[in-house]
Amino acid sequence: MRLKIRRRAGRRTALLAVGAMTASLLMTASQQATAGAPNLLSNPGFETAGAPGSDMPSCWSKSGWGDNDFSFATVADAHTGTKAMKVQLTRRVSGDRKALVTENATCAPTVVPGKQYDLSAWYKSDTPDVSVTVFRHDTTAGWQYWTDLQNPPVSAAWARTEVRTPAVPPNTDKIAWGLSVYGVGTLTTDDYVLEEVGAVPPQPTCTGTAEECAKGKWEVMATKNPVRSMHAVVLKNGKVLLIAGSGNDIAQFNAGTFTSAVYDPVNGTVKTIPTPVDMFCSGHVQLSDGRVLVMSGNKGYPSADGTIGYQGLKDSYTFDPTTETYTKTNDMNGGHWYPSATILGNGDVISFGGLKEDSTGNVTAEKFSAAQNKWLPMNEVNQTWSYWGLYPSMILMQDGRLFYSGSHTFGNGTPGTGASVYDYDANTITDVPGLRNKDERDESASVLLPPAQDQRVLTIGGGNNERNPAANRLTDIIDLKQPSPAYTAGPDIPQGLVDQGQGKRPQTGAEGKMFVSAVLLPDGKVLETGGGLHDRADPVYEASFFDPTTNTYQSGLATDPIPRTYHSGSFLLPDGRVMSVGDNPGNGTYNHNVSIYTPPYLFKGARPQITSVIDKEWVYGDTQRITVNRAVAKAELIRPAAVTHSSDPNQRFVDLPMTVVNGTTIDLNVTSNPNLAPPGWYMLFAVDANGVPSIAQWVHLGGPSALAATAEQPTAHEHTFASELAPAKENPGKRDSAPVPPSVAGCDRHYGTVNVCVPTRFPAEVKQTTKARCEWLASHQYPKRMKVNGSDPLRLDPDRDGYTC
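Every value quoted in this text rests on a predicted model; they were computed, and no experiment measured them.

J.: Tell me about the pairing of strand β16 (residues 283-286), and name the residues and values.
T.: Because side chains alternate across β16, one face comprises the buried residues G283 and V285, and the other comprises H284 and Q286, equally buried. Linking two consecutive strands that pair antiparallel, namely β16 and strand β17 (residues 292-295), is a turn of five residues; a positive phi of about 100° is found at G290 within it.

J.: So, the sheet that holds strand β1 (residues 60-65): which residues are in play, and what are the values?
T.: Taken together, five strands build an open sheet; the order of strands is β1-β4-β9-β6-β7 and the sheet is antiparallel. The outermost strands of the open sheet, each flanked by one partner alone, are β1 and β7 (142-150). Neighbour-to-neighbour, the strand axes of this sheet turn through a mean angle of 30°, independent of strand direction.

J.: So what's going on with the state of the cysteines? Residues and values would help.
T.: Scanning the model with the defined rule gives four disulfides in all. Across the disulfide, C59 is cross-linked to C107 (sulfur-sulfur distance 2.1 Å). Measuring the twist about the S-S bond at about -70°, one finds the C59-C107 disulfide to be left-handed. Linking C59 in the loop between α1 (23-26) and β1 with C107 in the loop between β4 (96-101) and β5 (117-125), this pair joins segments that are 48 residues apart in sequence. Here C59 falls in the buried class, since its relative accessible area comes to 11%. For the protein, the bonded cysteines connect in the pattern 1-2, 3-4, 5-6, 7-8 when numbered consecutively along the sequence. C281 takes part in no disulfide bond, and the closest cysteine sulfur, belonging to C747, lies 11 Å away. Judged by its relative accessible area of 0%, C281 is buried.

J.: Could you give me a rundown of the nonpolar core, with the residues and numbers involved?
T.: If you look at the biggest cluster of nonpolar residues, it comprises 49 residues, and the most contacted ones within it are V240, L521, L527, F571, L572, M579 and Y597. In this structure, L572 is in contact with V234, V519, L520, L521, P522, R577, Y601, I638, M683 and F685, ignoring residues within four places of it in sequence. Counting 37 residues, the second largest nonpolar core, distinct from the first, contains V628, V654, M658 and V670.

J.: Any chance you could break down the pattern of salt bridges for me, citing the residues and the numbers?
T.: Side chains that differ in charge, positive against negative, can pair when their charged atoms come close. Applying the stated criterion across every chain yields a total of 33 salt bridges. Measuring nitrogen to oxygen at the nearest pair gives 2.9 Å for the salt bridge that ties E511 to R505. With a shortest N-O distance of 2.9 Å, D560 and R564 are connected by a salt bridge. Assigned by exposure class, D560 and R564 land together as buried.

J.: Talk me through the packing of aromatic side chains; I want residue IDs and the actual numbers.
T.: This structure, assessed with the given rule, holds 29 aromatic pairs. Measuring from ring centre to ring centre gives 5.7 Å for Y145 and F721, while their planes differ by 50°; the resulting arrangement is tilted. Taken together, the residues Y145 in strand β7 and F721 in the loop between α4 (704-708) and α5 (770-779) connect sequence positions 576 residues apart. In this structure Y145 comes out as buried when scored by relative accessible area, which is 13%. Seen in terms of ring centroids, F253 and F258 are 6.2 Å apart; in terms of plane orientation they differ by 50°. Their pairing is tilted. No difference in accessibility class separates F253 from F258, as the two residues are buried. A connected cluster of aromatic rings, assembled from ring pairs, spans F253, F258, F280, Y301, Y310, W337, Y338, Y391 and F410. Taking NZ or CZ as reference, R536 lies 3.9 Å from the ring centre of Y566, over its face.

J.: Mind laying out empty space enclosed by the protein, listing which residues take part and the relevant values?
T.: Under the definition given, this model contains 14 cavities of 30 Å³ or more. Volume-wise, the largest cavity comes out at about 200 Å³. Along the wall of the largest cavity there are 20 residues; nearest its centre are Y145, D148, Q453, T671 and L676. A total of five residues in the lining of the largest cavity trace back to one element, the largest contributor, which is β7. In the lining of the largest cavity, the residues fall into seven nonpolar, 12 polar and one charged. The computed volume of the second largest cavity comes to approximately 150 Å³. Forming the walls of the second largest cavity are 20 residues, and the residues nearest its centre are A518, V519, S570, D648 and Q651. Contributing elements (two or more residues each) for the lining of the second largest cavity: β30 (445-448), β36 (517-520) and β42 (569-572). In terms of residues, the lining of the second largest cavity owes the most to one element, β36, which gives four residues. Of the residues belonging to the lining of the second largest cavity, the class tally is 12 nonpolar, six polar and two charged.

J.: Which residues make up α5, and what are the values?
T.: For α5, the complete set of buried residues consists of A772, R773, C774, W776, L777 and S779. Looking at the buried residues of α5, the elements they touch are β39 (537-541). Remark: Q781 follows α5 within two positions and exhibits a positive phi of approximately 60°.

J.: So what's going on with the sheet that holds β30? Which residues, and what values?
T.: Across the sheet, which stays open at both edges, the four strands sit in the order β30-β31-β32-β33 with antiparallel pairing between neighbours. The outermost strands of the open sheet, each flanked by one partner alone, are β30 and β33 (488-489). Judged from the two bridges that link them, strand β32 (residues 475-479) and β33 form a sheet pairing that is antiparallel. Looking across to β33, one finds that D476 is bridged to A489.

Reading the values: rules and limits
- Residues numbered from 1 in each chain as written.
- Predicted model: local features only at pLDDT ≥ 70, side-chain atom pairs only at ≥ 80, totals over all residues.
- Heavy atoms only, no water.
- Buried < 20%, exposed > 50% of the residue type's maximum accessible area, 1.4 Å probe, protein only.
- Helix = DSSP H or I, 4+ residues; strand = E, 2+ residues; numbered from the N terminus.
- Pairing = 2+ DSSP bridges.
- Axes fitted to C-alpha atoms, helices over the stretch in contact; angles between N-to-C directions.
- Disulfide = S-S within 2.5 Å.
- Core = buried A, V, L, I, M, F, W, Y, C linked by side-chain atoms within 4.5 Å.
- Contact = heavy atoms within 4.5 Å.
- Salt bridge = Lys/Arg side-chain N within 4 Å of Asp/Glu carboxyl O.
- Phe/Tyr/Trp six-rings, centres within 6.5 Å; stacked < 30°, edge-to-face > 60°.
- Lys NZ or Arg CZ within 6 Å of the ring centre and 35° of its normal.
- 1 Å grid on protein atoms, 1.4 Å probe; cavity = no way out; pocket = protein on both sides within 12 Å on 5 of 7 lines; lining within 4 Å.
- Points joined across faces, edges and corners; volume = space filled by probe spheres on them.
- Nonpolar A, V, L, I, M, F, W, Y, C, P; charged D, E, K, R; others polar.

Structure, rendered in structure tokens:
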């Protein structure tokens, strides 16, 4: 079924009928571009013929891709003058066709990096499957696809479309663009305009100390976290759900004490929530209606001697932010302690990995049907019988496939190159190359970089909880728009101070961190914060910004004074600040302090304000009008966090190209592709030219249109991304599980209680002697006398009295 695009009163109206209508009915904002600069295009109205023998006007070329039947024609049915361009698709399986400004030095207009440009054209179309598509010329890499900006509505009469580009990326000297048609139908265009936006933004004014304006500021809140939260979810009302379950405390598990809390960052209050089962190390994701789907959790802790490992629950619940209660769903097909959870473009949820009820690795895919509000039986879910490890980072791609980034919590040694593309419909897995040290990405972080339209993934740091080396500084970046995508090396993570029990010292050499948090910010940067040098030990005090535009880190930011390693999490709040919770080192303690980071952009003077949002129910391909109190440079949707163990594969920043009506009225162009912005509640930010964001407004994207979408729906400009992958690897045969050692969590259970994690392997710098190991345990605040459970493989009980050291 084709996606129907709805438009509401008070916004630009798209009428799907193709009968006679006037441009005034179609466009409420058809005035000239506000920039007022000269038109930078050559032959904008197709009036000048091309070179002899050419069937295209001067400075225009036929462009497009895919399996479709099409025609191009210069016609007399013009908006002004005597000529217009008509592009028609009569059959379409994939791809698009468009008349494009010719990509050469003569025809393509010169642009300035950092500047924005207003694009406009007059058009008529009988299909909603039209998009404004822009390419850019990189001075090093040449011509490449840049972005799709807008989906103009159906119009039987001449109508005008206008949209503003994002800031031109570095190393770009020219752009080319045109209107694409990617569904069966006819598109006629004329009178193209490209104008530079000439307004100079006001200079920012520092409202804090010089250090705050450069590095930001951390504050430790007076209100403590009342639960040992392992999971944090920002709810559609701006509150934060903190889930502990038993909180990695076997005494709480044995007592049946399972906890959650709702934190209100506005007034600093916390409310504890009755929690039905042990959701410790569950998976979670926000459904399209704003409920939180929580799956699996902990059925049982390991035995004292480590012969039995953690066991996964089948149980599943939804949490309602309005009533602040849990409601049981049907069970999953099996237990999944540490499962992935990714929402798809139709609102369904897919989940992989984790440990079964018997502590073996779960090899079955699970699918939650949004329409049926239940987990589907196994025979209705495609299966590859592959084991993905624990909390595998599965990121939804723009064409509906999933990208496994190589980030996991416990998954070292899994087969393959460390990263792969998973095609659910084809039931195939194809490895992609380039991820460095694939078996040292335990507790790394992966994010889909801003904007989601760029389809680039950043993977940061990590280690190996089994061998326990010093965590690495690696950053790897992959561009999924490429035909044969591969990770390439990015800049190393900046270094900070590490505390190994003898006080803080500067990191040296290749020392990095694992358990790192990566948070998408409304100015388009990524905050990298927290983490530790070793598994559940040695916190690192360092924070930086990663800039996706330049692929560089800004080091030396203010650092969270609270250690944030295992079972910590950081996430964006609707006011543009970042909240950090948790720390659960190997000695079994838990830090209940809550930290709030105020980024430098909130010390740059007054914030822009979104003064109205005409409609908070959005649908794909829509145009939404907002008003602001002053000029802004961009707007975006950011999906609220659902983070645990450095993992939030659903985190994304979706650009909203703007059509500027006047200085305070803006039309936002919503993507037509649900895979770029899966249905649900989003934070809407408006950001000025200095990177200062507004406070977010909550909007809901989706509705019946999103849920009715199928694979037959035309999707704008897939451009055959990731289309030239290596052959898919052979799936394993049908099996019940994958063998996983009980020590998968990196803990030697021969010592102490279950929630105390004595490392199976001590850091390399610790000598393999009883004295050195006991000194390391003491410096990291382990209990002085831990019971020896059975044998003594690490030789921690030299006098053989049944207790360590």
